[in-house]
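Letter by letter, the chains look like this.
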Amino acid sequence: MTKHRENRSADREHTDHLLQEIDEQEHARATGNLHHQAQVQLHSMVKRSKELSSIWKSDPEELLRFRQGMRLTEIDTSSTPGFPGNKADGRRFIDLSSEDLMSLQHLLYANGAVGSKRRLLLMLQGMDASGKGGIVKHVFSQVNPMGIHYHGFGAPTALELQHDFLWRVRRELPKAGWMAVFDRSQYEDIVMPRIFGTYPESVWRGRYQTVRDFEQHLVDDGCAVIKVFLATSKEAQRKRFLKRLDDPTKHWKFAESDLDARDRWPEYMDAWQEVFEETSTPDAPWYVVPADRRWYSRAVVSELLRSRLQGMQLQWPKASFDLNEARRRLKAKSSEA
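Engineer: So what's going on with the pairing of strand β1 (residues 119-126)? Residues and values would help.
Structural biologist: Most of β1 sits out of view: eight of its eight residues are buried. Where burial is concerned, the two faces of β1 agree: the one with Arg119, Leu121, Met123 and Gln125 and the one with Leu120, Leu122, Leu124 and Gly126 are both buried. Of the pairings in the sheet, the one linking β1 to strand β4 (residues 223-231) comprises eight bridges and is parallel in character. Of the residues in β4, the one forming a bridge with Gly126 is Leu230. Where β1 and strand β3 (residues 179-183) come together, five bridges link them in parallel fashion. Paired with Leu122 across the two strands is Val181, which belongs to β3.

Here it is, written out as structure tokens:
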């Protein structure tokens, strides 16, 4: 009887061992399939994103990049360079682009979580009512809020004035794996002192080199920098201001100082022209985007973001731990329960 029980016990152990091996083999095949599926999905997404970019007759990254000799005052702000369609086509493009943009942002965030320093900073500049706020809203609607940071820069506060002009900017930079969107930026601390004389020329002009060095350091440290100036006409701004005055829900967006800025329009154009000439570099170029047609400027920004993230060639991070050991411990806990 004892020998019979021993034989049954040995048979059961043998059977359990065989079943465990079969289970591990099946799980390995399933896991392999999942890994293969993830790679196929990533490849398909990248391929689809490239096909989406091919809709443009000319690449916005090249077409709208500031080059020496370009004049801000000569840009046709109502034009839609490179895009072959109309407003409805532009909106459809944004919808399609947003699907891949969210996937790419997810990849960026995942890589940041495991130690990658890759991140992205989008700076938006432009005259009042140029559409910066609308683009911020559209960018946020196209990505997961987890992993994106927004900050709008106004006139420096008393606390900020106690530090160097980049102090407040550094505090808002994106963390590893994150995207940050700036509504205005450190460039306000060059343009505004120039126009209103709040600092000597030697001070604000000296900031050009400081900003160039600052942005180059960001790029060298893994941060992609996209600088967009939304170019609008004075007439388009006038119409948008009138709409704000007619809409009680938008009165808060208007200030009499906006009219003072309109009176100094040529000074602002000269100031921004010099900003582009001094700070548009190979690694951190300016993109001057016609923005009278807001659907177009939003499509451009979506394309710039998606293209830059795609260019990072990110992959899903591999596990830094023993997957089989983790599964073993989880199964052991399940059997104990």
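Back to the text.
Engineer: So what about the sheet that holds β3? Which residues, and what values?
Structural biologist: As summarised here, the arrangement of the five strands in space is β2-β3-β1-β4-β5, forming an open sheet in which the pairing is parallel. Edge positions in the sheet fall to β2 (148-152) and β5 (286-290), since each of these pairs with one other strand and no more. On average, each strand axis in the sheet is inclined to that of its neighbour by 20°, with strand direction left out of account. Where β4 lies against β5, five bridges are found, and the strand directions are parallel. Residue pairing across strands places Phe229 opposite Val288, the latter belonging to β5. Taken strand by strand, helix α4 (residues 132-141) contacts β1, β2, β3 and β4, and its axis lies near 155° from that of β1.

Engineer: Help me get a handle on the packing of helix α7 (residues 188-196) against helix α11 (residues 265-279), residues and values and all.
Structural biologist: Between α7 and α11, whose axes approach to 10 Å, the crossing angle comes to 140°. In terms of axis orientation, α7 runs oblique to α11. Handedness of the α7/α11 crossing: right-handed. Contacts between α7 and α11 involve Glu188, Ile190, Val191, Met192, Arg194, Ile195 and Phe196 from the first element and Glu267, Tyr268, Asp270, Ala271, Trp272, Glu274 and Val275 from the second.

Engineer: Explain the environment of Glu99 to me, using residue names and the numbers behind them.
Structural biologist: Summarising the element assignment, Glu99 is placed in helix α3 (residues 87-113). A relative accessible area of 48% means that Glu99 is categorised as partly exposed.

Engineer: Account for the pattern of salt bridges, naming residues and giving values.
Structural biologist: Scanning the entire structure with this criterion turns up 22 salt bridges. Note that Glu62 is salt-bridged to Arg67, the shortest N-O span being 3.4 Å. Exposure remark for Glu62: the relative accessible area of 40% places this residue in the partly exposed category. Taking relative accessible area as the criterion, Arg67 reaches 37% and is therefore assigned partly exposed. The closest approach of N and O atoms between Arg71 and Glu277, which form a salt bridge, is 3.8 Å. With Arg71 in the loop between α2 (60-63) and α3 and Glu277 in helix α11, the pair connects residues that are 206 residues apart, well separated along the chain. Residue Arg71 is classed as partly exposed on the basis of its relative accessible area, which comes to 34%. The partly exposed category is assigned to Glu277, whose relative accessible area is 32%.

About the cut-offs
- Residues numbered from 1 in each chain as written.
- Predicted model: local features only at pLDDT ≥ 70, side-chain atom pairs only at ≥ 80, totals over all residues.
- Heavy atoms only, no water.
- Buried < 20%, exposed > 50% of the residue type's maximum accessible area, 1.4 Å probe, protein only.
- Helix = DSSP H or I, 4+ residues; strand = E, 2+ residues; numbered from the N terminus.
- Pairing = 2+ DSSP bridges.
- Axes fitted to C-alpha atoms, helices over the stretch in contact; angles between N-to-C directions.
- Contact = heavy atoms within 4.5 Å.
- Parallel < 35°, antiparallel > 145°, perpendicular 65-115°, else oblique.
- Left-handed = near helix turned anticlockwise from the far one by under 90°.
- Salt bridge = Lys/Arg side-chain N within 4 Å of Asp/Glu carboxyl O.

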